Amino acid sequence: MATPATETSRPGMSVGPTSEFSLFFRVRPGEGEALRTALRDLQDTPGYRPGDYGMAITTIHEARFVLFDDDTRLAFVTSFDGPWDAYMEDFFTSGPTLALFDVIFRHAEGYDGLPDRAALKAFVLGAQQTAAAYARNYGGTTKEIRKSRRVNAAFQQVLDHPDAEDALAHPALRPLLDEAAD
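It should be emphasised that the depicted structure is a prediction, and the values quoted were computed from it without experimental measurement.

J.: What is the right way to look at the environment of Phe 101 in this model?
T.: Following the sequence through the fold, Phe 101 ends up in helix H3 (residues 95-105). Note: C-alpha distance between Phe 101 and Leu 39 (62 residues apart in sequence) is 9.3 Å. When near neighbours in sequence (up to four residues on either side) are disregarded, Phe 101 contacts Tyr 48, Phe 65, Phe 76 and Phe 91.

The structure is reproduced here in structure tokens:
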């Protein structure tokens, strides 16, 4: 069940350890095409290319930018693990991410660069809207999900090993094998 953030926990709704975060900006007049180009460039940056799974802020589940209203508005929508303040600290201290987002946000009205954390937080909070509803189709933090993928890959290697049949015959492994059969 999603819960709204409290005043002390900051913006967004949460489901378990994960919170949603939605920002809406007005694009500076005449800069829609330049912003679209900056977003394409971001999409081609290591860690942000489809399938890379290596964003600098490792607590992010996903992030998307959406241009709408004839490229006059920009939405940034994401979900992340942990408290909002920690997410903002990660954002502000991850040099590559900060530089990439600077290239994008310079096309948004009200953006004057990132001189300090207070300016960044004020800019972000000025654009933030808490979702009216938020749901997730899976549990777990990004750290847990990455670990489960590694464990699954290792288990697949065990299954492929020539001596696996004898080792996996132990009754204690039956629940694991039943789950793997899905």
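J.: Help me understand the nonpolar core in this model?
T.: The nonpolar side chains of a soluble globular protein tend to be buried, and buried together. By size, the foremost hydrophobic cluster in this structure holds 32 residues, and its most contacted members are Phe 25, Phe 65, Leu 74, Tyr 87, Ile 104, Phe 105 and Val 124. Elements with a minimum of two residues in this core: strand E3 (18-26), helix H1 (32-43), strand E4 (60-68), strand E5 (73-81), helix H2 (84-93), H3 and helix H4 (117-127). Element by element, the count of residues in this core is highest for H2, at five residues. Non-local contacts of Tyr 87, meaning those with residues more than four positions away in its chain, are made with Phe 21, Ile 57, Thr 59, Ile 60, Phe 76, Thr 78 and Phe 80.

J.: Even after reading the chapter, I still don't get unusual backbone geometry, so can you show me in this structure?
T.: Residues apart from glycine generally show negative phi values, whereas peptide bonds are mostly found in trans. Even without glycine at this site, Asp 70 takes up a positive phi of about 55°. Secondary-structure assignment places Asp 70 in the loop between E4 and E5. Take Asp 70: its relative accessible area is 78%, and that puts it in the exposed class. Positive phi, close to 60°, is recorded for Asp 71, a residue that is not glycine. Tracing the sequence through the fold places Asp 71 in the loop between E4 and E5.

J.: What is the right way to look at the side chain of Thr 18 in this model?
T.: With respect to the helices, strands and loops of the structure, Thr 18 is situated in strand E3. By relative accessible area, which is 0% here, Thr 18 ends up buried. A distance of 3.4 Å separates a polar atom in the side chain of Thr 18 from a polar atom in the side chain of His 61. Ignoring any residue separated from it by four or fewer positions in sequence, one finds Thr 18 in contact with Met 13, His 61, Ser 79, Phe 80, Asp 81, Tyr 134, Arg 136 and Gly 140.

Rules and cut-offs
The numbering scheme is per chain: residues are counted from 1 as the chain's sequence reads. With pLDDT at 70 or above as the cut-off, local features in this predicted model cover only qualifying residues; side-chain atom pairs require 80 or more to be listed or tallied, and sums for whole chains, interfaces and linings still use all residues. To obtain the side-chain values, all non-hydrogen atoms of the structure were used and water was disregarded. We count a stretch as a helix when DSSP gives it H or I for four or more residues in a row; a strand needs E for two or more, and each element gets its number in order from the N terminus. Here a residue-residue contact requires only that any non-hydrogen atoms of the pair lie within 4.5 Å. Put simply, buried Ala, Val, Leu, Ile, Met, Phe, Trp, Tyr and Cys residues joined by side-chain atoms within 4.5 Å make one nonpolar core. Burial here depends on accessible area, computed with a 1.4 Å probe over protein chains only, as a share of the maximum for the residue type. Under 20% is buried, over 50% is exposed, and the range in between is partly exposed. Any N or O atom pair separated by 3.5 Å or less is treated as a polar contact, with the protein-specific requirement of one donor-capable and one acceptor-capable atom, and with residues adjacent in sequence counted only for side-chain atom pairs.

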